[in-house]
Structures are given as C-alpha cells and as structure tokens.
Amino acid sequence: MRLLIAMGLATFTLSGCMQDLGSQGDVLARSAAKGVVNNVVASKFPGVDATPVTDCIIDNASGSEILIIAEAAVVGTSQATTDLVVDIAQRPETTRCAAGSLLGVNL
C-alpha cells in the first residue's frame, strides 16, 4: 500500500514538474515518453525499426498523452499505457509519418 501511495505521489509530482518547467518540461516529458514508446513499439511491432515509429508516435501525441506515457517511465508501463501508444500509432497522421520514415520518402 505504501508503495502504491509513493508511486502515485511520484506520478503527481512528475506531471506537476513537467508542466511548471514549460518548454524544458516538454523536452523532459518527451524524452521519458520516448523510452516507454520505444519499448512498446519493439514488443508490439517486432521486426520494425522502432526509432522512426517512436518519433512519429511522440510527434502525433497530445501534450496530455505525452505526460501519461512519460509517467509510465516512473511507475511502469500498464496495459492502458500500451493501449494508448498503439492507439496513437494507428492514427492516420502517425501511420503516414511512420511509413514515410521507414521508406525514406515524404508521404
């Protein structure tokens, strides 16, 4: 129970700090989220170069989605986080970006 409370406080603190830091908070949140997204992409889409797909997912996520994903870097990835990453990956803009990145063309 104490661990759960500590993790909740860490999540609350992380999201508050990210918002208070402005553009620096955005950079930190995106960096934390990239690690989580990269792991999800590697596990859900085996054989795909995760880096360009990860970049496209991050670029097409909203600020609040990035914070949710970044929090998973602190508290661990849940099924909800994985579902969110997959949902963002399936958006038309994200799939266009990923296809273009993987093929080396601008779609």
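You'll find the structure just up there.
Description of the structure in this document. (Residues numbered from 1 in each chain as written. Predicted model: local features only at pLDDT ≥ 70, side-chain atom pairs only at ≥ 80, totals over all residues. Heavy atoms only, no water.)

With respect to the state of the cysteines
So, step 1. A full pass over the atoms with the stated rule returns one disulfide.
So, step 2. Paired through a disulfide, Cys56 and Cys97 show a sulfur-sulfur distance of 2.0 Å. Between Cys56 and Cys97, the S-S torsion sits near -70 degrees, and that sign places the bridge as left-handed. Residue Cys56 is located in helix H3 (residues 50-59), and its partner Cys97 is located in helix H6 (residues 92-103); the two are separated by 41 residues in the primary sequence. (Disulfide = S-S within 2.5 Å. Helix = DSSP H or I, 4+ residues; strand = E, 2+ residues; numbered from the N terminus.)

Points about the side chain of Thr82
So, step 1. Mapping Thr82 onto the fold places it in helix H5 (residues 79-89).
So, step 2. Setting aside its immediate chain neighbours within four residues, Thr82 contacts Val40, Lys44 and Thr77. (Contact = heavy atoms within 4.5 Å.)

So, helix H4 (residues 63-75)
So, step 1. With 13 residues, H4 extends 19 Å from end C-alpha to end C-alpha; this agrees with the ideal 18 Å at 1.5 Å per step.
So, step 2. Every buried residue of H4 is accounted for by Glu65, Ile66, Leu67, Ile69, Ala70, Glu71 and Ala72. (Expected span 1.5 Å × (residues − 1). Buried < 20%, exposed > 50% of the residue type's maximum accessible area, 1.4 Å probe, protein only.)

Let's talk about the pattern of salt bridges
So, step 1. This structure, assessed with the given rule, holds five salt bridges.
So, step 2. Where Arg30 meets Asp59, a salt bridge forms, and the shortest distance between an N and an O atom there is 3.8 Å. Placement of the pair is Arg30 in helix H2 (residues 23-44) and Asp59 in helix H3, with a sequence separation of 29 residues.
So, step 3. Notably, a salt bridge pairs Asp87 with Arg91, separated by 3.6 Å at the nearest N-O pair.
So, step 4. Shared partners join several salt bridges into a network, and the residues in it are Asp26, Arg30 and Asp59. (Salt bridge = Lys/Arg side-chain N within 4 Å of Asp/Glu carboxyl O.)

Observations concerning the nonpolar core
So, step 1. Val37, Ile57 and Ile69 are the most contacted members of the largest nonpolar core, which has 22 residues in total.
So, step 2. When residues of this core are traced back to their parent elements, those giving at least two are H2, H3, H4 and H5.
So, step 3. Of the residues forming this core, the biggest block, six residues, is contributed by H2.
So, step 4. With near-sequence residues (within four places) excluded, Ile57 lies in contact with Val37, Val41, Val85, Ile88, Ala89 and Thr94. (Core = buried A, V, L, I, M, F, W, Y, C linked by side-chain atoms within 4.5 Å.)

Topic: the environment of Leu67
So, step 1. Topologically, Leu67 is positioned in helix H4.
So, step 2. Residue classification places Leu67 among the buried positions, given a relative accessible area of 16%.
So, step 3. Residues Leu67 and Ala32 lie 35 residues apart in sequence; the distance between their C-alpha atoms is 9.0 Å.

What is shown is where atoms sit, not what they do.
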